[in-house]
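# Architecture at a glance
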Amino acid sequence: MQRIGEVAKTYGISNRTLRYWEDVGVLKSTRAENGYRYYDNENVARISQIVLLRKLKMPIADIEQIFIADSYDVAIDTLTSYLANLKHHTAVYNSLAIIVENLLVRIKKSRNLEEMFLHLETQSEAITVGHELAPQTKLSERTVIVEHLKNTEQLKNVRIVELPPMTIATYCVLSETPEADCAKVFDKFVLDNNLHKRSGHRYFGFNNPDPSEDSPIYGYELWVTIPEDFELSAPFVKKQFDGGMYASVSAQMNEIGERWESLYEWSTQSERYEGEFSLQWFEEQVMDFETFMSEQIPDSEKQLDLLLPIKIKK
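No experiment lies behind these values; they were computed from the predicted model shown.

The next subject is helix α8 (residues 178-192). Between its terminal C-alpha atoms α8 stretches 21 Å, which fits the 21 Å expected from 15 residues at 1.5 Å a residue. Taken as a whole, α8 carries its principal kink of about 30° at Lys-184. Among the residues making up α8, those that are buried are Pro-178, Glu-179, Cys-182, Ala-183, Phe-186, Asp-187, Phe-189 and Val-190. In this structure, the buried residues of α8 make contact with α2 (15-23), β7 (166-175), β8 (203-207), β9 (218-225) and α10 (289-293).

In structure tokens form, the structure reads like this:
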């Protein structure tokens, strides 16, 4: 038996991601008398298998489908579909490489940028991908291809955003399941006061404090914007947030842990920005509030923005 914190550390997976996989039925844990959750050898092996599939860049939703169904036929169908997508992306990259090679030849010969762009707008070419002849690719079609590739590699499109100063109402819970416990009270407060319908509505959450291996108890805090003259009573607290510059990426609920790790990695590798790691990181709910709260909407369709505080390197 291995404790959840030990497993998270060994495989580089967040506690939150492990708990999500339990919620959707991919994993099962056992809670001991000391309050900690443990995974048996079978579940640890499954986590290892999930990590191996992630190394193939397989989407989390596909991995979940394989383990939840626990069927060879589903696994075969899922892998077949993923293989087709990989081959398609390979063909797209090959097509783009041929286009760029042709452009390089032209611009080196003419040394004229206008001619290069004229070629992009007017010329269509037959592009051979492997042994097959791909359709002729005009500029508009190439634009769609490029946008499709961007969507598959979102961390290459990290947004730099400025959060404005805000007056906020806050609420924090310490428990074994603080996200759910905090939201149960706080979301009712938001709805009762129609805060989600006010102009400029924003809603944030974050660990406070973070999970640790030493205790099954940790904290989660929620914020919502309120008017400056809004009166609050316990257990809610009014605070002033100064705002600041943040790096942001989108994430579905079922991939938050991995997306946070990737965003952190981006912040350590960026040539222009560096993380302000002493400041608070945020998860911002960006969907329609009531839709996001609905139990009819699966976590894989609930979207958040992850916000990591940054500054420009000197």
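Here the narrative resumes.
Right, let's talk about the packing of aromatic side chains for a bit. Counted under the stated rule, the structure contains 19 aromatic pairs. In textbook terms, an aromatic cluster arises when at least three aromatic residues are bridged by ring pairs, as seen for Tyr-171, Phe-186, Phe-189, Tyr-203, Phe-230, Phe-236 and Phe-289. In this arrangement the basic side chain of Arg-3 is found over the ring face of Tyr-36, its NZ or CZ atom lying 4.2 Å from the centre. We note Lys-302 situated over the ring of Phe-292; from NZ or CZ to the ring centre the distance is 5.7 Å.

Below, the discussion takes up the pairing of β8. Burial analysis of β8 places 4 of its 5 residues in the buried class, the great majority of the element. As paired elements, β8 and β9 share 5 bridges and run antiparallel to each other. Residue Asn-207 lies in a different strand from β9, and its bridge partner there is Tyr-220. Where β8 lies against strand β13 (residues 282-285), 2 bridges are found, and the strand directions are antiparallel. Across the sheet, the residue bridging to Gly-205 is Glu-283, located in β13.

This paragraph deals with the nonpolar core. Ranked by internal contacts, the top residues of the largest apolar core, which has 22 residues, are Leu-18, Trp-21, Leu-27, Tyr-39 and Ile-47. Those elements giving two or more residues to this core turn out to be α1 (4-11), α2, α3 (41-55), α4 (60-69) and α5 (72-110). No other element matches the 5 residues that α3 contributes to this core. Residues contacting Leu-27, with those up to four places away along its chain left out, are Leu-18, Trp-21, Glu-22, Tyr-39, Asn-43, Arg-46 and Ile-47.

Here the second largest pocket is characterised by a volume of approximately 1,100 Å³. Forming the boundary of the second largest pocket are 42 residues, of which Arg-16, Asp-23, Glu-179, Ala-180 and Met-253 lie nearest the centre. Among the elements of the structure, α1, α2, α8, β8, β9, β13 and α10 are those that each provide at least two residues to the lining of the second largest pocket. Across the lining of the second largest pocket, the residue classes break down as 17 nonpolar, 9 polar and 16 charged.

With 88% of its residues at a pLDDT of 70 or more, the chain has an overall mean of 84. Of all helices and strands in the chain, the one with the weakest mean pLDDT is strand β5 (residues 132-134) (37), whereas strand β10 (residues 237-241) scores best (97). Contacts for the low-pLDDT stretch residues 123-154, under 50 throughout, to residues beyond four places or in other chains number 46 contacts.

Across the junction of Asn-208 and Pro-209, the peptide omega takes the value 0°, indicating a cis bond. Between Ala-234 and the following residue, Pro-235, the backbone shows a cis peptide bond with an omega angle of 15°. Its location among the elements puts Pro-235 in the loop between β9 and β10. Even without glycine at this site, Lys-57 takes up a positive phi of about 65°. Counting through the fold element by element, Lys-57 comes out in the loop between α3 and α4. Take Lys-57: its relative accessible area is 66%, and that puts it in the exposed class. Positioned with a positive phi, Asn-194 is a non-glycine residue whose angle comes to about 50°. Relative to the assigned elements, Asn-194 resides in the loop between α8 and β8.

Here 3 strands make up an open sheet; going across it, the order is β1-β3-β2 and the pairing antiparallel. The open sheet has two free edges, formed respectively by β1 (2-3) and β2 (30-31), since each of these has just one partner strand. Pairing of β2 with strand β3 (residues 37-39), which is carried by 2 bridges, proceeds in the antiparallel orientation. For Arg-31, the partnering residue across the bridge sits in β3 and is Arg-37.

Residues of α4 that are buried include every one of Ile-60, Asp-62, Ile-63, Glu-64, Ile-66 and Phe-67, and no others. Residues of α4 that are buried make contact with α2, α3, α5 and α9 (256-269). Two residues or fewer after α4 comes Asp-70, characterised by a positive phi angle close to 50°.

Reading the values: the criteria
Residues numbered from 1 in each chain as written. Predicted model: local features only at pLDDT ≥ 70, side-chain atom pairs only at ≥ 80, totals over all residues. Heavy atoms only, no water. Helix = DSSP H or I, 4+ residues; strand = E, 2+ residues; numbered from the N terminus. Expected span 1.5 Å × (residues − 1). Bend = angle between axes of the 7 residues up to and from the residue. Buried < 20%, exposed > 50% of the residue type's maximum accessible area, 1.4 Å probe, protein only. Contact = heavy atoms within 4.5 Å. Phe/Tyr/Trp six-rings, centres within 6.5 Å; stacked < 30°, edge-to-face > 60°. Lys NZ or Arg CZ within 6 Å of the ring centre and 35° of its normal. Pairing = 2+ DSSP bridges. Core = buried A, V, L, I, M, F, W, Y, C linked by side-chain atoms within 4.5 Å. 1 Å grid on protein atoms, 1.4 Å probe; cavity = no way out; pocket = protein on both sides within 12 Å on 5 of 7 lines; lining within 4 Å. Points joined across faces, edges and corners; volume = space filled by probe spheres on them. Nonpolar A, V, L, I, M, F, W, Y, C, P; charged D, E, K, R; others polar. pLDDT = per-residue confidence, 0-100.

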